[in-house]
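Reading the structure
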Amino acid sequence: MRYLYSEYDSPIATDYYYEARHISNDNFPQVHSHAHNFYEIYMYLSGSCRLSVEDSMYDVKKGDIVIIPPYTIHQLHQKEPNTLPYVRMYMYITEACLKSFQFNEHSLLHSLGLAKDNKRYHFTINDENEYNNIRLCMENVYFNQKRDFYGKELLNRSYILQIMSLMSKNIVNELKPHGIIHSNPLIENIIAYINSSYTDDISLDSLTDMFYTNKSTLSREFKDYTSHTIHNYLVMKRISVAKQEMAEGTPPSQVYLLTGFKDYSTFYRTFQRTEGMSPKDYFIRVTNTGEE
């Protein structure tokens, strides 16, 4: 197992990796739709923004935490012009790192799996003390990244355990829909369709026929909502699923058949272009095997 402590080292699901960040922007940043190889735990602190995860849009406020699973497409959206700086904290953490906290029957991944299975990403921490404790622990992990002292890793692990234990408690107690808003039902429905039918032969023509709209309107509104063309979003979804399948042990020679690519050569070229490595090289990294 590789032990990584920076996103710039390109961590994958099987790496031991975590990283915390505290970011403030006077002007709202443009962040296109994207997905990670790891969990993102997002804490909104101030400003004004919306966060879309797959086909759901959330109007986030103080006290909210959004948990984004690996390979899940998400994007920031500006809610409205705001004079306050946009401030947030977030922590990246891999499944391999979370598994290292396993003891007896207790697993931090259990509650995260429940949330993912229920397509729940948005949680409100109503207990102010618990929210502040999560924030303080995340801040400590963030500040410790710039320090070097004996026992830092053990201390960071204690902070992570507190964060995830409190999050798990809230997930289990609050698995019910809330917080979802609908800013563009047409595009949200199309995204939901792509996310569930990415193996189908989806095109702009087929979507306009299915959703009774015209090409120019659909193309413009989809690009405004996601910052991607429909084709690029479909490719991003297929590649995200392909990475997840390979992380779970499915070889590249079979993955392309499960993700909507017409042939292996198209899958190979697309994966190489988007990920900067071949499917085989990625498979070897996530499974520690040379077999394809």
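Sequence order as written defines the numbering, with residues in each chain counted from 1. In keeping with the predicted nature of the model, local features appear solely for residues at pLDDT of at least 70, side-chain atom pairs appear and are counted solely at 80 or more, and the whole-chain, interface and lining totals rest on all residues. With hydrogens and water set aside, each side-chain value is computed from the structure's full complement of heavy atoms.

1. As for the overall build of the chain
Across its full length, the chain holds 11 helices and 10 strands. Here the globule rule reads 2.2 Å times residues to the power 0.38, and the radius of gyration is calculated from C-alpha atoms. Scaling as 2.2 N^0.38, a compact globule of 292 residues should have a C-alpha radius of gyration of about 19 Å, and the chain matches this with 20 Å. Dimensions along the principal axes, computed over C-alpha positions, put the chain at roughly 55 × 50 × 35 Å. Taken over 292 residues, the chain has a buried fraction of 49%. Comment: elements are numbered from the N terminus, with helices defined as DSSP H or I runs of at least four residues and strands as E runs of at least two. Note on exposure labels: buried denotes an accessible area under 20% of the residue type's maximum, exposed denotes more than 50%, and partly exposed covers the range between, all computed with a 1.4 Å probe on protein chains only.

2. Points about the pattern of salt bridges
A pair is scored as a salt bridge if a Lys or Arg side-chain nitrogen falls within 4 Å of a carboxyl oxygen belonging to Asp or Glu. If you walk through the whole model with that rule in mind, you get 9 salt bridges. Between Arg2 and Asp15 there is a salt bridge whose closest N-O contact spans 2.6 Å. Of this pair, Arg2 sits in the segment before strand 1 (3–4) while Asp15 sits in the loop between strand 1 and strand 2 (16–25), placing them 13 residues apart in sequence. Its salt-bridge partner being Glu54, residue Lys237 comes within 3.4 Å of it at the nearest N-O pair. Taken as a pair, Lys237 in helix 8 (residues 230–247) and Glu54 in the loop between strand 4 (49–53) and strand 5 (56–59) lie far apart in primary sequence, 183 residues in all. Here the two residues Lys237 and Glu54 agree in accessibility, since each one is buried. The structure contains a network of salt bridges with shared partners spanning Glu7, Glu19 and Arg21.

3. Examining the pairing of strand 2
Relative to strand 2, strand 1 runs parallel, the two being bridged by 2 bridges. The residue bridging Leu4 from the neighbouring strand is Tyr17, located in strand 2. Paired strands, as defined in this entry, are two strands with at least two bridges between them according to DSSP. Of the strand pairs in this sheet, strand 2 and strand 8 (residues 86–93) are connected by 8 bridges, and their pairing is antiparallel. Looking at strand 8, one finds that His22 is bridged to Met89.

4. A closer look at the pairing of strand 5
Across 4 bridges, the pairing between strand 4 and strand 5 is antiparallel. Along strand 5, the bridge assignment pairs Val53 with Ser56. Hairpin connection between strand 4 and strand 5: a loop of 2 residues separates the two successive antiparallel strands, and Glu54 in this loop has a positive phi of roughly 55°.

5. Considerations on empty space enclosed by the protein
In this approach the atoms are scanned with a rolling probe the size of a water molecule, which exposes any empty space left behind. Computed over the protein atoms alone on a 1 Å grid, cavities are sets of points where a 1.4 Å probe fits but cannot get out and pockets are open sets with protein on both sides within 12 Å along at least five of seven lines; a residue lines them when it has an atom within 4 Å of a point. Grid points are joined across faces, edges and corners, and a volume is the space filled by probe spheres set on the points. Inspection of every chain in the model, using the stated rule, returns 1 cavity of 30 Å³ or more. In this structure, the largest cavity encloses a volume near 40 Å³. For the largest cavity, the full set of lining residues is Ser33, Ser52, Glu54, Ile73, His74, Gln75, Ile191, Tyr225, Thr226 and Tyr233.

6. Topic: the state of the cysteines
Linking two cysteines covalently through their sulfur atoms gives a disulfide. The disulfide criterion is simple: two cysteine sulfur atoms within 2.5 Å. Going through the model one piece at a time under the given rule, you end up with 0 disulfides. With no disulfide of its own, Cys97 has Cys137 as its nearest cysteine by sulfur position, at a separation of 14 Å. Of the residues examined, Cys137 reaches a relative accessible area of 2% and is grouped as buried.

7. As for the sheet that holds strand 9 (residues 122–124)
Taking strand neighbours across the sheet as the criterion, the 6 strands line up as 1-2-8-3-6-9 in an open arrangement whose pairing is mixed. Edge positions in the open sheet fall to strand 1 and strand 9, since each of these has one partner strand only. Direction of pairing for strand 6 (residues 64–68) relative to strand 9: antiparallel, over a ladder of 3 bridges. Bridging across to strand 9, Asp64 finds its partner in Thr124.

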